[in-house]
Amino acid sequence: EIDSNLPEAIVSQALFKLFYDRNWSGAEQDFKQVLTINPGYAFARTLYASELMVITARFDEAIEEMKRSLEMDPLSLVASRDIGMIYYYARKFDQAILSLKKTIEMDPNFIHAHGLLGLVYLEKSMSEEALSELKKEVDISRGSDPTAELWIGIAHARMEKMDDANE
């Protein structure tokens, strides 16, 4: 109400529409408005791609938007991790591995990067590598990410180590 052209407020409004109202077309309009007002707002591009475009399964568009975001902010850990996530959802596993390894090189303790890499390895039937990365995620998150524990169980099951999987 104070400033209808404030990009951060419009992004917040877009996220509210996306997650609480499930108003995807309204969120899309807000993201497009933000990028018209401020085309250099890299984090808005990241959110547009990693949230709205992923939810609507527009993976190729999301990848291109993330590449633009990373051109603007090449040191963004969130964008680097999230493009890896999008590659994973798009089933482009080799690109996901490269992207997530780059994120981990930038910050070995960045949350969810090891977990996502572990999921990619699981999809490629690389269970030992998956298990290693998922265990790193548990260590980094100090046990606060129960999904990493779940995926560790799945990795053990895929390795036919059922006692470990059940544990």
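Residues numbered from 1 in each chain as written. Predicted model: local features only at pLDDT ≥ 70, side-chain atom pairs only at ≥ 80, totals over all residues. Heavy atoms only, no water.

Undergrad: So what's going on with the overall build of the chain? Which residues, and what values?
TA: Helix and strand counts for the chain come out as 10 helices and zero strands. Principal axes of the C-alpha set define a box for the chain whose edges measure 60 × 30 × 30 Å. In the chain, which comprises 167 residues, the share counted as buried stands at 47%. Long-range contacts, defined as pairs at least 24 residues apart, comprise 47% of the intrachain contacts of the chain with a sequence gap of at least 6. Accessible surface computed for the chain: about 9,200 Å², of which carbon and sulfur atoms make up 51%. Taken as two groups, the 18 positive and 29 negative side-chain charges of the chain have centres that lie 4 Å from each other. (Helix = DSSP H or I, 4+ residues; strand = E, 2+ residues; numbered from the N terminus. Buried < 20%, exposed > 50% of the residue type's maximum accessible area, 1.4 Å probe, protein only. Contact = heavy atoms within 4.5 Å. Areas by Shrake-Rupley, 256 points an atom, 1.4 Å probe, with all protein chains shown as cover. Lys, Arg positive; Asp, Glu negative; His and termini not counted. Charge placed at Lys NZ, Arg CZ, Asp CG, Glu CD.)

Undergrad: An account of unusual backbone geometry is needed here, citing residue identities and associated values.
TA: With glycine set apart, most residues show a phi of negative sign, and most peptide bonds adopt trans. Phi at Arg-22 is positive, roughly 55°, even though this residue is not glycine. Structurally, Arg-22 can be placed in the loop between α1 (7–21) and α2 (24–37). Residue Arg-22 is classed as exposed on the basis of its relative accessible area, which comes to 55%.

Undergrad: Before we move on, can you summarise the confidence of the model for the chain with the specific residues and values?
TA: Scored by pLDDT, the chain has a mean of 92; 100% of the residues are at 70 or more. By mean pLDDT, helix α9 (residues 146–158) is the weakest element of the chain at 85, and helix α6 (residues 93–106) is the strongest at 97. (pLDDT = per-residue confidence, 0-100.)

Undergrad: Can you lay out the packing of aromatic side chains for me, pointing to particular residues and giving the numbers?
TA: For the structure shown, the criterion picks out five aromatic pairs. Consider the rings of Phe-31 and Tyr-48, whose centres lie 5.2 Å apart with planes at 25°: the pair is stacked. Separated by 17 residues along the polypeptide, Phe-31 in helix α2 and Tyr-48 in helix α3 (residues 42–55) bring together distant segments of the chain. Relative accessible area serves as the criterion here: at 0%, Phe-31 is assigned to the buried category. Taken together, Phe-59, Tyr-88, Tyr-89 and Phe-93 form an aromatic cluster joined through their ring pairs. (Phe/Tyr/Trp six-rings, centres within 6.5 Å; stacked < 30°, edge-to-face > 60°.)

Undergrad: Go over the packing of helix α5 (residues 77–89) against helix α7 (residues 113–123) with me, naming the residues and quoting the values.
TA: As a packed pair, α5 and α7 sit with axes 10 Å apart at the nearest point and diverge in direction by 20°. Compared by their axis directions, α5 and α7 come out roughly parallel. Here α5 runs over α7; the crossing is left-handed. Residues Arg-81, Met-85 and Tyr-88 of α5 touch α7, and the partners they reach there are Ala-113, Leu-116, Leu-119, Val-120 and Glu-123. (Axes fitted to C-alpha atoms, helices over the stretch in contact; angles between N-to-C directions. Parallel < 35°, antiparallel > 145°, perpendicular 65-115°, else oblique. Left-handed = near helix turned anticlockwise from the far one by under 90°.)

Undergrad: Residues and numbers for the environment of Glu-51, please.
TA: Positionally, Glu-51 belongs in helix α3. Glu-51 sits in the partly exposed class, given a relative accessible area of 24%. As for Glu-51 and Ser-125, which are separated by 74 residues in sequence, their C-alpha atoms are 27 Å apart. Other than its neighbours up to four places away in sequence, Glu-51 contacts Leu-15, Leu-18, Phe-19 and Thr-46.

Undergrad: Could you give an account of a nonpolar patch on the surface, naming the residues involved and the relevant values?
TA: Taken together, the side chains of Phe-16, Phe-19, Tyr-20, Trp-24 and Ile-55 define a hydrophobic patch exposed on the protein surface, amounting to about 530 Å² of accessible area. With respect to the secondary-structure elements, Phe-19 resides in helix α1. Judged by relative accessible area, Phe-19 falls into the partly exposed class, the value being 34%. (Patch = residues over 30% accessible without salt bridge, like charges linked within 9 Å, V, L, I, M, F, W, Y side chains within 5 Å. Salt bridge = Lys/Arg side-chain N within 4 Å of Asp/Glu carboxyl O.)

Undergrad: Explain the packing of α1 against α2 to me, and be specific about the residues and the numbers.
TA: Closest axis-to-axis distance for the α1/α2 pair is 8 Å, and the angle between their directions is 165°. By the angle between their axes, α1 is roughly antiparallel relative to α2. In this structure, the crossing between α1 and α2 has a hand that is left-handed. The segment α1 lies against α2, with Pro-7, Ile-10, Val-11, Gln-13, Ala-14, Leu-15, Lys-17 and Leu-18 engaging Trp-24, Gly-26, Ala-27, Asp-30, Phe-31, Gln-33, Val-34 and Ile-37. Residues of the contact of α1 with α2, tallied by class, amount to 11 nonpolar, three polar and two charged. (Nonpolar A, V, L, I, M, F, W, Y, C, P; charged D, E, K, R; others polar.)

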